[in-house]
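Residue-level structure breakdown
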Amino acid sequence: MTTVTTGRTTVKGAVGTSHTRVEGRDKVTGAARYAGEIPFADLAHGWLVLSTVARGRIRSIDTDAVLGMPGVLTVLHHGNAPRVDTDYIGMLGIPPDPTAAVFQDERVPHAGWPVALVVAETPEQAREAAEALAVTYDTEPHDIALTADHPDAYPAEGHMPAETEKGDLAAGLAASTVVVDEEYTTPEEHHSMMEPHAATALWDGGRLEVVDSNQGTTWVQGELAKMFSLDESPVRVRSEHIGGGFGSKGLRAHQVSAVMAATLLERPVRVVMTRRQMFSLAGYRSPTTQRVRLGADADGRLRALEHRSLNQTSTVYEFVEPGAGVARVMYDAEAHRTANHVVRLDVPSPTFMRAPGEAPGSFAIEVALDELAERCGVDPIELRLRNEPDVGPVSGLPFSSRNLAACFHEGARRFGWADRDPRPGVRREGRWLLGTGTAAASFGAGAGPSTALLTAEADGTFTVRIAAADIGTGARTALTLVAADALEVAPERVRVRIGDSDFGPAMIAGGSMGTRSWAWAITAAAGELRERLALGTSVPPEGITVRSDTTEALGALAQKERHSFGAQFAEVAVDTATGEVRVRRMLGIFAAGRIVNPLTARNQLVGGMIWGISMALHEEAVRDRASGGLYGPDLAGYHVATHADVPDVEADWVDDPDPDDPVGIKGVGEIGIVGAAAAVANAVWHATGVRHRNLPIRPDRVLSAAAPEGGGAADA
């Protein structure tokens, strides 16, 4: 803990010390209100009606019977809903998903498409009427099958180039002593956060107010303003407490339909998605089919690398799950080719989900690296260290810092890697075969322009106002500590207010950029405020407020490869008679910048690793080819890891402050999941001698594959 002296008072530095959440008591006592709980006078309730066909057109909607039901106020559909604009580029540099622009025409592009909103006095009345609404469709043939050889696949950019290439791949593979050429698949996965999507819309004094659960109030404000052809100033979005987001809580059908209904009825309208509706309307991680080809010398040094990834998207919106992007950062070769392709199917639109691209991409490339290590007879850690690049493999830019080797060295020491027998299928404990595996991880460390308001109050306290979003990460607490240190005061003298678009534009909570971006803005504001206070300015009753804007500072940064890195380690036990796989222990060591609050940072890293276990062994959404819908679209049918699945998960870090960041932050929100599934899969191979290239590693897949006699390797 550092100390600073200000005047006659010595204050211990808050950043880097563990603090419980500043809003923790409110959350555990119920005082913290979430979007679906905040009371409003004269509140009406909307219930979405979703299509039951996978492709077609609405022939008719019989509203007469429903409008006569108790409490029903209106039924919105494509025949009477306001027209909205979707021909714009949003805050994230991408056009909006038309699924959010509800009720614009009679087309049905996938099962679960919103076709109507029933509004009633109570949620019970709205639900009963919605379930009674008769909708008739003209159906058309649909295609929901993602296959590696789908004829309609095409390269797509998303937020990075679709394809990169250097060198002669064919020549590099031909000249290699050892070649790995395999296909890896990951299934459709869903966010499954605790708090459903919820929004209340109302007009108040000429302003549109939306009380929401989202990952960026100014993001949603801007999207709603553009969609409804409004200036941004008359639109206010508030989102103080969020019960998880993971990438899905942007603009969705519930906010837009609530605004439509509130405008029509001239009273507040709340729309809350059910858990089943979230499986259709809240986005998901697309399944991927990935091909990795590696060519190396006998000592495991790469001469050729190809990583190709294919994901599905909807017919109305192009979303890329850039699985091949991770190879552009992690490993270099003279011949290097990567490609992200998509295919349009009659399915809902995918969206960002924790470590989009990196999570599924790291599974493929890190299992392939493990296979290469096996075939070369080189230790998996040593092989990765031999292939550490000096600069970005594709960009050619220098790394701001790259402490992956330190993560592997520290992790190997703490995990006991040196005692590992490299032979698969030889370690047994009763009915269990035991194995250990490892994988590398990386995730980008970016920052987005943000503004912050910082006020010196007359009573000697300070108030921070910033349109940040705490989606469960502890950001509110971290920003309190950052502000306290920047002001050289104790955290108890700082109040941080977040989640209100009236505070000015700020980066969303996404891409592990939130806390880094907001802390930068707060630090800049604190510097200016301290200068003004140092001049001896007396603080009036209304306080002294300064506003910062980091746009210029971020634009002046030198171009570098900026990333967090990590090394994942897993030990598993496998019963080949039942197919059961148990993760006995897991360790992640990360180089993720300066850690602001070790307590909540460790929670984020461990949470990501648990999600990686869930990804490896449990999570899989399966679509019915006949209906286009999901089997079991709820938390009973969609399996996630529970406490019994994660007995010993530990996360720690090495010293790794970012020299270009005023606080030294990189970000910890997503790096924990990257590489975790691969480490588990590699451990399963080490335990059984069977290589699993398709997630999840279900019991039936373990049972259907058996290592050949003698304990050699096999494939599943």
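Here is a short report on the structure shown in this document. Since this is a predicted model, take the numbers as computed values, not measurements.

1. Considerations on the sheet that holds strand 23 (residues 494-497)
- In spatial order, the strands read 23-22-21-24; together these four strands make up an open sheet with mixed pairing. Of all strands in the sheet, those bounded by a partner on one side alone are strand 23 and strand 24 (544-549). Averaged over all pairs of adjacent strands, the angle between their axes in this sheet comes to 20 degrees, without regard to strand direction.
- Note that strand 21 (residues 451-456) and strand 22 (residues 462-465) share four bridges and pair antiparallel. Counted as the bridge partner of Leu 453 is Arg 465 from strand 22.
- Sheet strands touched by helix 12 (residues 475-487): strand 21, strand 22 and strand 23. Its angle to strand 23, the strand with the most contacts, is close to 135 degrees.
- Strands strand 21, strand 22 and strand 24 of the sheet are contacted by helix 13 (residues 514-534), whose axis makes an angle of about 140 degrees with strand 24.

2. Some details on the packing of aromatic side chains
- One pass over the structure, following the stated rule, counts eight aromatic pairs.
- Geometrically, the ring pair formed by Phe 399 and Phe 565 is edge-to-face, given 6.2 Å between the ring centres and 65 degrees between the ring planes. With Phe 399 in the loop between helix 10 (380-386) and helix 11 (404-415) and Phe 565 in strand 25 (residues 563-575), the pair connects residues that are 166 residues apart, well separated along the chain. For the pair Phe 399 and Phe 565, one class covers both residues: buried.
- With 5.8 Å between their ring centres and 70 degrees between their planes, Trp 417 and Phe 569 make a pair best called edge-to-face. Remark: Phe 569 occurs in strand 25 and Trp 417 occurs in the loop between helix 11 and strand 19 (428-429); sequence separation between them is 152 residues.
- Joined through ring pairs, the aromatic side chains of Phe 408, Phe 415, Trp 417 and Phe 569 make up one cluster.
- The ring of Phe 399 is capped by Arg 402, whose NZ or CZ atom sits 4.8 Å from the centre of that ring.
- Over the aromatic face of Tyr 284 sits the side chain of Arg 623, whose NZ or CZ is 5.8 Å from the ring centroid.

3. Regarding the environment of Arg 497
- The topology assignment puts Arg 497 in strand 23.
- Sequence separation between Arg 497 and Asn 340 is 157 residues, and the spatial gap between their C-alpha atoms is 40 Å.
- Excluding residues that lie within four positions of it along the chain, Arg 497 makes contacts with Thr 463, Val 464, Arg 465, Ile 466 and Phe 503.

4. With respect to the sheet that holds strand 12 (residues 198-204)
- Reading across from one edge, 5-7-3-15-12-13-14 is the order of the seven strands in this open sheet, with mixed pairing throughout. Of all strands in the sheet, those with a lone pairing partner are strand 5 (72-77) and strand 14 (235-238), marking the two edges. Pairs of neighbouring strands in the sheet enclose a mean axial angle of 20 degrees, with direction left out of account.
- Contacts between helix 3 (residues 123-132) and the sheet are confined to strand 3 (44-50), strand 5 and strand 7 (114-120), with strand 3 contributing the most and set at about 25 degrees to the helix.
- Seen against the sheet, helix 5 (residues 217-227) touches strand 13 (207-212) and strand 14 and runs at an angle of roughly 145 degrees to strand 14.

5. Quick notes on the nonpolar core
- Within the largest apolar cluster, 86 residues are counted, with the highest numbers of intra-cluster contacts made by Leu 294, Leu 372, Phe 569, Val 572, Met 586 and Val 680.
- The element best represented in this core is helix 9 (residues 358-376), accounting for ten residues.
- Leave out the neighbours within four places in its chain, and Met 586 touches Gln 568, Phe 569, Ala 570, Met 609, Ile 613, Asp 648, Val 649, Glu 650, Ala 676 and Val 680.
- One finds Ala 478, Val 496, Ala 506 and Ala 525 within the second-largest nonpolar core, a separate group that totals 43 residues.

How each quantity is defined
Each chain has its residues counted from 1, following the order in which its sequence is written. Local features in this predicted model are restricted to residues whose pLDDT is 70 or higher, and side-chain atom pairs enter the listing and the counts only when it is 80 or higher, whereas totals over whole chains, interfaces and linings include all residues. Excluding hydrogens and water, the side-chain figures rest on all heavy atoms present in the structure. We treat two strands as partners when DSSP finds at least two bridges between them. Segments assigned H or I by DSSP are reported as helices when at least four residues long, segments assigned E as strands when at least two residues long, and all are numbered from the N terminus. With axes taken as lines fitted to C-alpha atoms, and helix axes fitted only over the stretch in contact, angles between N-to-C directions fall between 0 and 180 degrees. Contacts: residue pairs with any heavy atoms within 4.5 Å of one another. Centre distance within 6.5 Å is the pairing criterion for rings of Phe, Tyr and Trp, where only the six-membered ring of Trp is used; planes under 30 degrees apart are then read as stacked, over 60 as edge-to-face, and the remainder as tilted. Note on exposure labels: buried denotes an accessible area under 20% of the residue type's maximum, exposed denotes more than 50%, and partly exposed covers the range between, all computed with a 1.4 Å probe on protein chains only. Note on geometry: a ring has a charge over it if NZ (lysine) or CZ (arginine) is within 6 Å of the ring centre and within 35 degrees of the ring normal. Only buried residues count toward a nonpolar core. Its members are Ala, Val, Leu, Ile, Met, Phe, Trp, Tyr and Cys residues joined through side-chain atoms within 4.5 Å.

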